[in-house]
Amino acid sequence: MVGSVSRETGQAKPGKVKYRKAKASWNPAMQAIPVSGIRRLVNMASTMKDVIHLSIGQPDLPTPKHIIDAYIDALNAGQTGYTMDAGLPELLVALRDYYGRRYNRKLTRDNILITSGATEAMYLAISATAAPGRQFIVTDPSFLLYAPLIRMNGGEVKFVRTRAENNHQLDPDDVIRAMGSRTFALILNNPNNPTGAVYPRSTVETILEECAYRGIQVYADEVYDHLIFDDDDFASVLNCSMDLDNIMCISSFSKTYSMAGLRVGWVISSQAAIKSLRRYHMFTTSVANTPSQFAGVAALTADQQCVQEMVGIYQERRDRIVELIEQTPYLTGYKPGGAFFAFPDLPPHVDGSDLALRMLKETGVCVVPGDAFGEDCTNALRFSFSTTCERMEEAFDRIIPWMAKQQF
Ligand SMILES: Cc1ncc(COP(=O)(O)O)c(C=O)c1O
């Protein structure tokens with residue numbers, strides 16, 4: 001058939017079809033999403049043989065069996081429909097009780113919204129509030145979703161730098177100095193990706209007190225809240241603030257229970273905030289995956305020994321990677337207190353992106369360059385220790401002599 005497309009309706013006029021290729025016309029906000037440097041490296045790695053990945057951003061340890069069983073049982077019991085929009089009632093209760101015990105904090109089910117991972121929770125929180133004229137304080141480096149999401153919605157990002165020489169600790173005075181009349185919110189990721197820094201209680205309390213005083217919102221990303229080493233205290237915002245009026249605490253099952261692909265997370269906030277987010281959630285993903293929410297109930301209500309064991313394994317790896325980084329020429333390391341990442345510095349003028357690409361080509365070791373996480377940390381590399389000590393040792397057997405040959 002021959003015909004053409006009506007200019008007005010976009011539909012084919014009978015008789016003269018001459019298909020015009022539709023021009024993609026994206027919302028200009030899409031330009032805020034950077035071309036992923038990580039993708040480029042991982043794509044290249046996928047074409048190579050014998051690559052060792054120290055680039056992994058998810059747990060490599062297996063999901064505990066009782067959690068898998070609960071997921072399968074839910075499927076077999078026909079739990080394949082939608083849940084309530086706020087989440088599976090059993091999971092809301094399990095989370096309420098769990099946080100009540102952990103932080104001695106009285107919550108109700110109406111303080112909680114179940115989402116498709118912490119990613120959706122962060123997306124809802126940021127995109128429901130970022131707007132022109134509103135400034136968000138974010139650490140540099142920081143997890144790669146925050147800044148683009150803020151900018152996509154017209155918000156402004158104000159970075160506060162952290163440095164390897166200070167163990168990537170956040171100085172509360174720097175944060176307070178960054179606050180101004182346009183500051184709307186602070187994103188506090190503790191423990192931090194990509195640095196593994198865990199902020200002490202005094203830091204969290206000082207920052208929260210100032211935010212409450214100035215009416216600044218705090219979006220706390222606590223997905224690594226259990227991956228804390230050396231038996232250190234963890235200062236959750238839920239444990240450091242008087243009320244939830246300006247707080248959204250976001251977490252998920254992804255890291256603590258090795259459930260990244262099951263996609264369940266949550267937001268905890270005031271009932272009023274949850275009510276608004278709940279409406280928005282219905283217009284984005286509707287509900288989180290149903291059998292995964294049953295798996296989440298099993299994760300929270302069973303014995304937590306599996307978590308202790310995983311933390312023990314990550315801590316051993318952390319100790320080993322700290323030694324290996326220390327032995328590597330040109331890297332300034334430190335001791336990350338949580339998560340499964342280290343973010344050592346290179347000398348100031350070295351381009352981490354170029355170095356990571358050459359390292360992959362010439363040694364077959366894949367790491368993530370600093371510029372994936374911020375603007376002032378391009379002379380850094382992120383090493384993930386979500387892999388065995390043996391694999392890390394093999395990787396550094398290649399990296400150390402290669403780095404020694406570099407002339408910076
Ligand atoms: C700091 C941080 N927040 C959020 C996420 C996303 O977590 P989820 O799998 O729950 O969406 C990640 C995943 O890497 C992360 O590192």
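Coordinates for the structure precede this section.
Residues numbered from 1 in each chain as written. Predicted model: local features only at pLDDT ≥ 70, side-chain atom pairs only at ≥ 80, totals over all residues.

**Thoughts on the site of the ligand**
Formally: Only the C-beta atom matters for nearness: placed from the backbone, it must lie within 6 Å of the molecule or strand for the residue to count as near. In this text, helices come from DSSP runs of H or I with a minimum length of four residues, and strands from runs of E with a minimum of two, each type numbered from the N-terminal end. In the scheme used here, Gly and all other residues not listed as nonpolar or charged are polar, with Ala, Val, Leu, Ile, Met, Phe, Trp, Tyr, Cys and Pro taken as nonpolar and Asp, Glu, Lys and Arg as charged.
Taken together, 13 residues lie near the ligand, and Gly117, Ala118, Thr119, Ser252 and Ser254 sit nearest. No other element matches the 3 residues that helix H4 (residues 117-127) contributes to the shell around the ligand. Looking at the shell around the ligand residue by residue, the classes come out as 4 nonpolar, 8 polar and 1 charged.

**Quick word on the nonpolar core**
Inside soluble globular proteins, nonpolar side chains tend to come together where they are buried. Stated precisely, the cut-off is as follows: A set of buried Ala, Val, Leu, Ile, Met, Phe, Trp, Tyr and Cys residues, joined through C-beta atoms within 7 Å, is what we mean by a nonpolar core. Note on burial: count the other C-beta atoms lying within 10 Å of the residue's C-beta; 20 or more is buried, 12 or fewer is exposed, in between is partly exposed, and C-beta positions come from the backbone. How far each domain reaches was decided by an automatic or database domain assignment. Contacts here follow a simple rule: the backbone-placed C-beta atoms of the two residues must lie within 7 Å.
Grouped together as the largest cluster of nonpolar side chains are 115 residues, with contacts concentrated most on Ile114, Leu186, Val218, Val237, Ile250 and Val267. Among the elements that line this core, the one with the most residues is H4, at 7 residues. Two domains each provide a minimum of three residues to this core, namely domain 1 (31-62 + 306-404) and domain 2 (65-301). Those residues within four positions of valine 237 in sequence are excluded, and the remaining contacts are Leu188, Val204, Leu208, Val218, Ala220, Ile247 and Cys249.

**Digging into the sheet that holds strand E11 (residues 341-342)**
What counts is decided by this rule: Should DSSP find at least two bridges between two strands, the strands are taken to pair.
If you walk across this open sheet you meet the 3 strands as E11-E14-E13, and the pairing is antiparallel. Two strands in the sheet have a free side with no partner beyond their single neighbour: E11 and strand E13 (368-369). Pairing geometry for E13 and strand E14 (residues 381-384), over 2 bridges, is antiparallel. Residue valine 368 lies in a different strand from E14, and its bridge partner there is arginine 382.

Interpretation in functional terms is not warranted from these geometric data alone.
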